[in-house]
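Spelled out from the first residue to the last, the chains are:
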Amino acid sequence: MRYLLDINVLLDCYDSGRQTRFPDSVNIVHTLRELSADIFISSSSLDNLHFIKWKAIKDENPQFTARVIYELANRFIASILDYATIAKTPSYLALDYDDLEDSQIIASAQAVDAKVITRDQGLLEKYSDIAVSPTNCLLEIQQSHEQISISFLDLKKINQCYMAGLEHAFDSVINSGWYILGKEVEAFEKAFAEYCEVPYCVGVGNGLEALHLIVRAYGIGAGDEVIVPANTYIATWLAISYTGARPVPVEPCEATYNIDPARIEAALTPNTKAILLVHLYGQPVDFDPILDLAQRNGLKIIEDAAQAHGARYRGKRVGSLGDAAGFSFYPGKNLGALGDGGAVTTHDAALAEQVRVLRNYGSRVKYHNDVIGYNSRLDELQAAFLRVKLPLLDADNARRKTIAQRYFNAFADIGCILPIIPEGIDPVWHLFVIRHPQRNALQQFLAEWGINTMIHYPIPPHLQSAYIDSGFTEGDFPVTEMIHREVLSLPMGPTLTDAEIDRVIAGVRAFFGG
Ligand SMILES: Cc1ncc(COP(=O)(O)O)c(C=O)c1O
């Protein structure tokens, strides 16, 4: 729900005479605030609004000094900006010279995909597809409320929280004239290395490439084997297959869904070079036994941290536990870009340098290519966006934790299996995954309640056509296959409202009979 408020509607809310004459203006603003809707005001309205308020204060209080009047008008604008975001007038607007102000308001609203709430009859008639009166808007909301729908993850709303910073970043990169491997990528790498508590970070094209370049940089290739979880997203396996090495799957613990350290030893051969572990759903793996095993067998440990930005294992950040880690900044991740992006974090200076070379055509010096490299660089624009979002990652993760706690409390006494968090593990709830043999029926039931859920993942990598030549068949990894049959991811994300959480809880509880 995204709405841009016209000046007349805003003024109705702040003047007692207008409040009585136009109660629906007051009602709609109140309703939108209650529903945590995205509310905007056009940048083209600000000056006008300030002037109208300034004049009203001046007329009502002739004894006030000019400075005081100005300050009061400023405060009025600031109080609106407490709940409304400025939508800038875009440079591509089609100016209507019959009514400059209206065309600016419409262009601002279109730019942020919002409807305009206005009492201006001319605006309502001329732009009937986008403009709506307060009264009709209240009716629309009432009707849509009856068919309420809860997104699994509302990316528009998430990025809305960073709107001002993202716009600033966008303007700054566009106007810098430098779009590949510049100061934004450099600054983000520094900030993300600090965040992950490692000395090195290298920005790359995406999470799969982050993992692939690590495997390649460690010289792992044809004839080598790498231990991987059987229960993961296919990218973990692909990163190994790209190099010609063989992914060797190991079953997860049924309780945590992460790779079972006790089963790794049996999968080792003289060809094993590394263990690629995944902090699935945002929950760090049981790392110490894996470290011990890797040290005893001379193996590298690579972390797939694509789902776990900010999680901690015994106080240490993921991304700093093994020899190197790959992160994804796919938009839906806890730290998501507005497109693809990824990074490698490591304590290993030589590895960082090698990944830097590999990501850029195998080149250290322009037009001198030392190895057969790739084009896999984090964009300047994505790095600039990520720099805006990184400082709030911990706050977003804290909100996810609160939501997870509410789910734990609400589902403690019903028949589904909840996540189990072993001692020393601090997850970041990329996903909140519950398990039940009637998973499909539960998903269908929730869909009828307007609650969108997802399955992570419906088909395990060993049963994907892509790996048909590996000779795996159904039944080879029974724990993984059972997990894939039974898991369901509930809505989870930093912008989920309390009312939405209540609804999810009510829906799940209703399926289990209250
Ligand atoms: C566990 C895991 N590994 C790797 C990746 C790959 O990341 P990307 O989509 O950025 O290539 C993903 C993301 O989808 C993931 O969830």
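All of the points below concern the structure found in this document.

1. Examining the overall build of the protein
From N to C terminus, the protein includes 20 helices and 19 strands. If one aligns the C-alpha atoms of the protein with their principal axes, the spans along those axes are about 90 × 65 × 40 Å. Counting across all 514 residues of the protein, residues that qualify as buried make up 52%. Within the protein, residue pairs in contact and separated by at least 24 positions form 70% of the contacts whose partners lie at least 6 positions apart. When the accessible surface of the protein is summed, it comes to about 22800 Å², and 52% of that surface belongs to carbon and sulfur atoms. Averaged over its 44 positive side-chain charges, the protein has a centre that lies 3 Å from the centre of its 63 negative ones.

2. A closer look at the sheet that holds strand β11 (residues 312-313)
One open sheet accounts for 3 strands, arranged β12-β11-β17; its pairing is antiparallel. Pairing within the sheet leaves two strands with one partner each, and these edge strands are β12 (316-317) and β17 (425-426). As paired strands, β11 and β12 are joined by 2 bridges and run antiparallel to one another. For Y313, the partnering residue across the bridge sits in β12 and is K316.

3. Quick word on the sheet that holds strand β14 (residues 342-346)
Here we have 7 strands laid out as an open sheet, ordered β6-β14-β13-β10-β9-β7-β8, and mixed in their pairing. Every other strand in the sheet has two partners, leaving β6 (200-204) and β8 (246-250) as the edge strands with one partner each. Each strand axis lies, on average, 25° off the axis of its neighbour in the sheet, ignoring direction. Summarising the sheet, strand β7 (residues 225-229) and β8 pair through 5 bridges and their orientation is parallel.

4. Things to note about the site of the ligand
Residues in close proximity to the ligand include N206, G207, L208, Y233, A235, V278, D304, A306, Q307, S328, K333 and Y457, which together make up its full environment. In this structure, S328 approaches the ligand through a side-chain N or O atom, which is 2.7 Å from an oxygen atom. Within the side chain of K333, one N or O atom sits 3.1 Å away from an oxygen atom of the ligand. About the coverage of the ligand: the protein hides 90% of its 390 Å² of free accessible area. Each residue belonging to the shell around the ligand can be placed in one class, and the counts come to 6 nonpolar, 4 polar and 2 charged.

5. Brief notes about the environment of Y179
Within the element layout of this structure, Y179 appears in the loop between α10 (163-176) and α11 (183-196). Separated by 200 residues in the primary sequence, Y179 and D379 have C-alpha atoms spaced 6.8 Å apart. Not counting residues within four places of it along the chain, the set of residues in contact with Y179 comprises V173, I174, D379 and E380. Within the structure, Y179 has its side chain in polar contact with the backbone oxygen of I174 (distance 2.8 Å).

6. Topic: the pairing of strand β10 (residues 300-304)
When you tally the buried positions in β10, you get 4 out of 5 residues, the bulk of the element. Crossover strand β9 (residues 272-278) to β10 through helix α14 (residues 287-297) is right-handed. Pairing geometry for β10 and strand β13 (residues 324-328), over 3 bridges, is parallel. Across the sheet, the residue bridging to E303 is A325, located in β13.

7. Looking at the pattern of salt bridges
Side-chain pairs of opposite charge can arise where the charged atoms are in close proximity. Scanning the model with the defined rule gives 31 salt bridges in all. In this structure, the salt-bridge partner of E265 is R296, at a minimum N-O distance of 3.4 Å. Within this pair, whereas E265 is found in the loop between β8 and β9, its partner R296 is found in helix α14, the two being separated by 31 residues in sequence. Judged by its relative accessible area of 40%, E265 falls in the partly exposed class. Salt bridges here are not isolated pairs; linked through shared partners, they connect D12, R18 and R119.

8. Re the nonpolar core
One finds F188, F192, I227, I264 and F329 to be the most contacted residues of the largest nonpolar core, which totals 43 residues. Listed by contribution, the elements that provide at least two residues to this core are α11, β8, β9, α14, β13 and α16 (380-389). Of the residues forming this core, the biggest block, 6 residues, is contributed by α11. For F188, the contacting residues outside a window of four places in its chain are F329, L335, L378, A383, L386, R387 and L390. In terms of nonpolar packing, the next biggest core, distinct from the first, is built from 32 residues, V215, A239, I302 and A324 among them.

9. Considerations on the packing of aromatic side chains
Here the structure, examined in full by the defined rule, presents 21 aromatic pairs. Pairing F51 with W54 gives two aromatic rings, centres 5.8 Å apart and planes at 25°, and the pair type is stacked. Here W54 and F51 lie together in helix α4 (residues 43-60), a separation of 3 residues that amounts to about one turn. Overall, the relative accessible area of 46% leaves F51 in the partly exposed class. Looking at W54, the relative accessible area reads 26%, which means it is partly exposed.

10. Overview of the packing of helix α17 (residues 393-411) against helix α20 (residues 498-511)
Put simply, α17 and α20 touch, their axes get as near as 10 Å, and they point 30° apart. Judged by the angle between their axes, α17 and α20 are roughly parallel. Of the two elements, α17 crosses α20, and the hand of that crossing is right-handed. Between α17, through R399, I403, R406, Y407, A410 and F411, and α20, the contact on the second element is made entirely by D498, I501, D502, V504, I505, V508 and R509. Of the residues in the contact of α17 with α20, the class split is 8 nonpolar, no polar and 5 charged.

11. A few points about helix α3 (residues 23-34)
With 12 residues, α3 ought to run about 16 Å at 1.5 Å a step, and its terminal C-alpha atoms sit 16 Å apart, in line with that. Taken together, the buried positions of α3 are S25, I28, V29 and L32. Summarising the axial view, the buried residues of α3 lie within an arc of 95°, below the 170-degree limit, and thus occupy one face. Residue S36 follows α3 closely and has a positive phi angle near 50°.

Calculation criteria
Residues numbered from 1 in each chain as written. Predicted model: local features only at pLDDT ≥ 70, side-chain atom pairs only at ≥ 80, totals over all residues. Heavy atoms only, no water. Helix = DSSP H or I, 4+ residues; strand = E, 2+ residues; numbered from the N terminus. Buried < 20%, exposed > 50% of the residue type's maximum accessible area, 1.4 Å probe, protein only. Contact = heavy atoms within 4.5 Å. Areas by Shrake-Rupley, 256 points an atom, 1.4 Å probe, with all protein chains shown as cover. Lys, Arg positive; Asp, Glu negative; His and termini not counted. Charge placed at Lys NZ, Arg CZ, Asp CG, Glu CD. Pairing = 2+ DSSP bridges. Axes fitted to C-alpha atoms, helices over the stretch in contact; angles between N-to-C directions. Near = heavy atom within 4 Å. Polar contact = N/O pair within 3.5 Å; in protein donor to acceptor, adjacent residues only side chain to side chain. Nonpolar A, V, L, I, M, F, W, Y, C, P; charged D, E, K, R; others polar. Right-handed = clockwise from strand over helix to strand, strands pointing away. Salt bridge = Lys/Arg side-chain N within 4 Å of Asp/Glu carboxyl O. Core = buried A, V, L, I, M, F, W, Y, C linked by side-chain atoms within 4.5 Å. Phe/Tyr/Trp six-rings, centres within 6.5 Å; stacked < 30°, edge-to-face > 60°. Parallel < 35°, antiparallel > 145°, perpendicular 65-115°, else oblique. Left-handed = near helix turned anticlockwise from the far one by under 90°. Expected span 1.5 Å × (residues − 1). Arc of directions from axis to C-beta.

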